[in-house]
Amino acid sequence: MKDYSDRPRRRGRGELASASSLFSYVLAGSVAFVATGPIYTASVGLLQDFAAAQYGSWIATVATLVWAVAVPVGVFALTRAAFATGSRLTQVLLAARMS
């Protein structure tokens, strides 16, 4: 078997991939900042009513605190995944078109 340990290793990713990843993070952060308020406001009442009816009023308070963390994290994660996938797909389509 050939020893590849002396080959120079490629450090990190390419510049396009790094820039694309950074762009995805910035867009996801922006969308999360803008969308968290309306989504939280529209859904927290439903969550509190459901939690109070099913488990009691003290659980509604805990559920509200958990929901206040879950909404921005969920919005960020979903938008980051969507932008990263769209960015990668665009790169692949452009590369296929240019070749």
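Located above this text is the structure these notes cover.
In this numbering scheme, every chain counts its residues from 1 along its sequence in written order. Predicted model: local features are reported for residues with pLDDT of at least 70 only, side-chain atom pairs are reported and counted for 80 or more only, and whole-chain, interface and lining totals are derived from all residues. Excluding hydrogens and water, the side-chain values take into account all heavy atoms of the structure.

## Side note on the packing of helix H1 (residues 15-55) against helix H2 (residues 57-98)
So, step 1. To obtain an axis, a line is fitted to C-alpha atoms, over the contacting stretch when the element is a helix, and the angle between two such axes runs from 0 to 180 degrees between their N-to-C directions. The way it works is that DSSP assigns letters per residue, a run of H or I at least four long becomes a helix, a run of E at least two long becomes a strand, and they are numbered from the N terminus. Packing of H1 against H2 leaves a shortest axis separation of 5 Å and a crossing angle of 150°. It follows from the interaxial angle that H1 and H2 lie roughly antiparallel. Handedness of the H1/H2 crossing: right-handed.
So, step 2. The nonpolar class holds Ala, Val, Leu, Ile, Met, Phe, Trp, Tyr, Cys and Pro. Asp, Glu, Lys and Arg form the charged class, and all remaining residues, Gly among them, are polar. Residue classes in the contact of H1 with H2 are distributed as 27 nonpolar, twelve polar and two charged. Orientation labels follow simple angle bins: below 35 degrees gives roughly parallel, above 145 gives roughly antiparallel, 65 to 115 gives roughly perpendicular, and whatever is left gives oblique. Two helices that cross are described as forming a left-handed crossing if the nearer one is turned anticlockwise from the farther one by less than a right angle, and a right-handed crossing if clockwise.

## Some points on a nonpolar patch on the surface
So, step 1. A cluster of nonpolar side chains, namely Trp58, Val62 and Val66, defines an oily patch on the protein surface of about 340 Å² accessible area.
So, step 2. Mapped onto the elements of the fold, Val66 is located in helix H2. Residues enter a patch when their relative accessible area is above 30% and they make no salt bridge; the linking distance is 9 Å between like charges and 5 Å between nonpolar side chains (Val, Leu, Ile, Met, Phe, Trp, Tyr). Methods summary: accessible areas were calculated by the Shrake-Rupley approach with a probe of 1.4 Å, and residue burial reflects only the protein chains presented. Take a side-chain nitrogen of Lys or Arg and a carboxyl oxygen of Asp or Glu: if they are within 4 Å of each other, that pair is a salt bridge.

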